[in-house]
Amino acid sequence: MGEFFGKPEFNTPEGAYSWQHMLHVSISLAIAIVLAVILGRKNRNKDLATKNKVLIWTALLMHTVETFRIAVGIGASSDGMSWLWELPFFLCSMQFITVPIAALCKGKLKEAALDYVFVFGFLSCTFGTFTAVHFYNTYPVLSYYNICSNITHTASGFAALYIVISGMQSMKKKTMYWVMGILLAVCAVALVINATGNYNYMFLKRDDGTPYFLYYNLVDGNPVLYPMLVIGTFLVYIVLFYAVYHAIVKKIAQRKSKVQTTEIATEIPNQTIEK
């Protein structure tokens, strides 16, 4: 337990992309996918209240685990203001806000939150597990930090997959602008907080080992151009996600239509022969 909590100190990290890292996140993701498929198919034709229960429990799990992680981190820190580094204004941690809204609210806000979780849940899950270089280079795999982080990020992927399988997403073109609005609002708050200290919410000040290092190096860390490129990428991603989704839905509808047409064309001659 001392090694788990880093007391007196953590063991040497196995490192990012080690087999321990890959095994850890792969098992978690497999469990999340299986549960999302089972619960999504089970609740697909049920009422909204039943569907919401799964998201409520998901939100409770995420908040409980994250509160535990933050509490342990603050307890181990000599800085009484260390909690200011734990605000939910990263792309991944935004799910702590949007999943409860998706479960508990109504109307357009609910639609926007559901779509937001669907659009960014898979991305948050991947970035916070398989590509979490900083986490796995800093802490051992079987430490409180990586286990808690893995659970919360995997839960984001679970919620996104459950939403689409259970049919809760709206993916209306009008809702896309609400999703963009949520994102831009969080980015605005992040920029303000980042300007007050050495914070780096939404990675809008520096890349910190994320794939955004491409942008950071491209503009030589320009404090205006760099965040503009990052935010622009978020918006382009939203548009592309909606476009791909609707293209897939259209393709599926066309295939169903062809199958139905073929069945009708086959039934008519059979009925004539019987007569």
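Residues numbered from 1 in each chain as written. Predicted model: local features only at pLDDT ≥ 70, side-chain atom pairs only at ≥ 80, totals over all residues. Heavy atoms only, no water.

A. Layout of a nonpolar patch on the surface. A cluster of nonpolar residues, Trp19, Leu23, Ile27, Ile31 and Leu35, forms a patch on the protein surface that exposes about 530 Å² of accessible area. Relative to the elements of secondary structure, Ile27 occurs in helix α2 (residues 19-43). (Patch = residues over 30% accessible without salt bridge, like charges linked within 9 Å, V, L, I, M, F, W, Y side chains within 5 Å. Areas by Shrake-Rupley, 256 points an atom, 1.4 Å probe, with all protein chains shown as cover. Salt bridge = Lys/Arg side-chain N within 4 Å of Asp/Glu carboxyl O. Helix = DSSP H or I, 4+ residues; strand = E, 2+ residues; numbered from the N terminus.)

B. Molecular detail of the packing of aromatic side chains. Inspection of the entire model under this criterion finds 22 aromatic pairs. Taken together, a centroid distance of 5.0 Å and an interplanar angle of 45° make the contact between Phe90 and Tyr201 tilted. A residue pair is termed long-range when its members are at least 10 positions apart, and Phe90 in the loop between α3 (48-76) and α4 (95-104) and Tyr201 in the loop between α8 (173-195) and α9 (213-218) qualify at 111 residues. Tyr201 gets classed as buried once you look at its relative accessible area, which sits at 1%. A ring pair is formed by Tyr216 and Tyr226, whose centres lie 5.2 Å apart and whose planes are at 85°; its orientation type is edge-to-face. Highlighted residues: Tyr216 in helix α9 and Tyr226 in helix α10 (residues 225-274), separated in sequence by ten residues. A relative accessible area of 27% places Tyr216 in the partly exposed class. (Phe/Tyr/Trp six-rings, centres within 6.5 Å; stacked < 30°, edge-to-face > 60°. Buried < 20%, exposed > 50% of the residue type's maximum accessible area, 1.4 Å probe, protein only.)

C. Focus on the environment of Leu161. With respect to the helices and strands, Leu161 occurs in helix α7 (residues 144-166). Along the primary structure Leu161 and Ala32 are separated by 129 residues, whereas in three dimensions their C-alpha atoms are 8.8 Å apart. Among all residues touching Leu161, those that are not within four sequence positions of it are Ile33, Ala36, Val37 and Phe122. (Contact = heavy atoms within 4.5 Å.)

D. Local environment of α2. Over its 25 residues, α2 runs 36 Å from end to end, which matches the ideal 36 Å to within 8%, given 1.5 Å per residue. Listed in full, the buried residues belonging to α2 are His21, His24, Val25, Ser28, Ala32, Ala36, Gly40 and Asn43. (Expected span 1.5 Å × (residues − 1).)

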